[in-house]
Amino acid sequence: MTAAGRTIDVVPLTTGRVQIKPSQVRAVGAGEARIQAVFGDPAWTAPLPIHAWLVLHPDGPLLVDAGETPRATEPEWYPSAHPYYAHALRTTLDAGDAIDAQLAAHGVAPGDLRAVLLTHLHTDHVGGLNDLAARAPHAAVWVHAQELADATGAEALLRGYLPHRLPPGFAPRSYDFVDAPVGPFAASQAITADGRVRVIPTPGHTRGHVSVVVECDDLRIVLAGDATYAEATLREDAVDAISPDETVTRATMAQLRALLDAAPSMYLPTHDDTAAARLAGRVRW
Ligand SMILES: [Zn+2]
């Protein structure tokens, strides 16, 4: 049992903050014009959290995404010649924001983790693996097969990934969806033996993007990664500027809304600055 008496619980971790362009959160225009609008946008969002999520399960703790590493503030950790990293991203974090420090604040050591589930391989979701690395020997790192191919293939940098910043020896467990449906999602990947933690396909933001569904005692929590940047943009049906094919993103958003409408639920994107308060207050979708 967790502190609140729940058999399963989700705890927010925050590995620093990020500012991006408002036109990345809510795309301006369509198709290729969306990313061009980001580079021409003089405005910045408020600093948004870079969340990761600790799932306290009876079989042991799981981590959903690893957040960013404090090393991201070192010169050239982000490639200064890359237009997105040079012009469209501001990241703020210090040593205390590292994922291992965040876990320690909740009494969890890297070696306690049973699994790390990655929604996708953008650096602000996997950089923190560098702060866990060899100290999480029991943790299988789960990455969807399409995402692994895109993030490590010849076009990875063009797609916005930083494959050279993955930790040495990065050898995740790649999978596709072969388990039971979850609402409108035709198949899933079960993570725990009781089926209360599952991964569902939510392509759009990246081609291999996934979300994690946690069946708590009182409601269903969807840990959405960057499926949308906020609960508000899911309600608005606003696509981001990053998705390679916005029709895929819109189809996923429709499925997510149907899932959330079907049962008491909570929707927690990585960069939503209302997410931690909604989780603390058990505020439903
Ligand atoms: Zn992302």
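What comes next concerns the included structure. (Residues numbered from 1 in each chain as written. Predicted model: local features only at pLDDT ≥ 70, side-chain atom pairs only at ≥ 80, totals over all residues.)

1. Some points on the overall build of the chain
- The secondary structure content of the chain amounts to nine helices and 12 strands.
- For a compact globule of 285 residues, the expected C-alpha radius of gyration is about 19 Å, and the chain comes in at 17 Å, within 12% of that figure.
- With respect to the three principal axes, the spread of C-alpha positions in the chain is 50 × 40 × 35 Å.
- Among the 285 residues that make up the chain, the fraction classed as buried is 47%. (Helix = DSSP H or I, 4+ residues; strand = E, 2+ residues; numbered from the N terminus. Rg over C-alpha atoms; globule rule 2.2 N^0.38 Å. Buried ≥ 20, exposed ≤ 12 C-beta atoms within 10 Å, placed from the backbone.)

2. Some thoughts on the sheet that holds strand β12 (residues 265–269)
- Reading across the sheet, the five strands line up as β8-β9-β10-β11-β12 and stay open at both edges, with mixed pairing between neighbours. With one partner strand each, in any of the chains shown, β8 (189–190) and β12 form the two edges of the open sheet.
- Across five bridges, the pairing between strand β11 (residues 220–225) and β12 is parallel. Pairing of Val-222 across the sheet is with Tyr-267, part of β12. (Pairing = 2+ DSSP bridges.)

3. Topic: the pairing of β11
- Most of β11 is tucked away: six of the six residues are buried.
- Burial of the side chains of β11 extends over both faces: Arg-220, Val-222 and Ala-224 are buried on one face and Ile-221, Leu-223 and Gly-225 on the other.
- As judged from the four bridges shared by strand β10 (residues 210–215) and β11, these two strands associate in the antiparallel manner. Within the sheet, the bridge partner assigned to Val-214 lies in β11 and is Ile-221.

4. Here's the deal with unusual backbone geometry
- Phi at Asp-237 is positive, roughly 60°, even though this residue is not glycine.
- Tracing the chain through its elements places Asp-237 in the loop between α7 (231–236) and α8 (246–262).
- Residue Asp-237 is classed as exposed on the basis of its 12 C-beta neighbours within 10 Å.
- The backbone of Arg-282 shows a phi angle near 50°, a positive value even though the residue is not glycine.
- Following the sequence through the fold, Arg-282 ends up in the segment after α9 (275–280).

5. As for the sheet that holds strand β6 (residues 140–144)
- Strand order across the open sheet formed by seven strands is β4-β1-β2-β3-β5-β6-β7, with mixed pairing between neighbours. Edge positions in the sheet fall to β4 (90–92) and β7 (173–175), since each has one partner strand and no second. Adjacent strand axes in the sheet meet at a mean angle of 30°, parallel and antiparallel pairs treated alike.
- Pairing of β6 with β7 involves three bridges; the strand directions are parallel. Counterpart to Val-143 in the pairing with β7 is Ser-174. (Axes fitted to C-alpha atoms, helices over the stretch in contact; angles between N-to-C directions.)

6. Examining helix α6 (residues 145–152)
- Glu-147, Asp-150 and Ala-151 are the residues of α6 that are buried. One side of α6 holds all its buried residues, which, seen down the axis, span an arc of 95°.
- Elements in contact with the buried residues of α6: β6. (Arc of directions from axis to C-beta. Contact = placed C-beta atoms within 7 Å.)

7. Side note on the environment of Ala-98
- Considering the arrangement of structural elements, one finds Ala-98 in the loop between β4 and α4 (99–104).
- Judged by the 24 C-beta atoms lying within 10 Å of it, Ala-98 falls in the buried class.
- C-alpha of Ala-98 to C-alpha of Ala-151: the two residues are 53 residues apart in sequence and 23 Å apart in space.
- Excluding residues that lie within four positions of it along the chain, Ala-98 makes contacts with Thr-15, Thr-69, Pro-70, Gly-128 and Asp-131.

8. Structural notes on the environment of Gly-128
- By the element assignment, Gly-128 lies in the loop between α5 (123–126) and β6.
- By the C-beta count within 10 Å, which is 33 here, Gly-128 ends up buried.
- Considered as a pair, Gly-128 and Thr-69 are 59 residues apart in the sequence and their alpha carbons are 4.5 Å apart.
- Setting aside residues up to four positions removed in sequence, Gly-128 forms contacts with Thr-15, Ala-52, Ala-66, Gly-67, Glu-68, Thr-69, Ala-98 and Ile-99.

9. As for the nonpolar core
- Grouped together as the largest cluster of nonpolar side chains are 57 residues, with contacts concentrated most on Val-116, Leu-117 and Val-222.
- For this core, the element with the highest residue contribution is strand β2 (residues 48–56), accounting for five residues.
- Those residues in contact with Val-116, other than ones at most four positions away along the chain, are Leu-63, Ala-66, Ala-136, Ala-139 and Val-141. (Core = buried A, V, L, I, M, F, W, Y, C linked by C-beta atoms within 7 Å.)

10. Structural notes on α8
- Between its first and last C-alpha, α8 extends 24 Å over 17 residues, near the 24 Å set by a 1.5 Å rise per residue.
- Within the span of α8, buried status applies to Thr-249, Thr-252, Met-253, Leu-256, Leu-259 and Leu-260. Projected onto a plane normal to the axis of α8, the buried residues spread over an arc of 125° and lie on a single side. Away from its buried face, by an angle of more than 90 degrees, α8 presents the exposed residues Thr-247, Ala-258, Asp-261 and Ala-262.
- Lining the buried residues of α8 we find β11, α7 and β12. (Expected span 1.5 Å × (residues − 1).)

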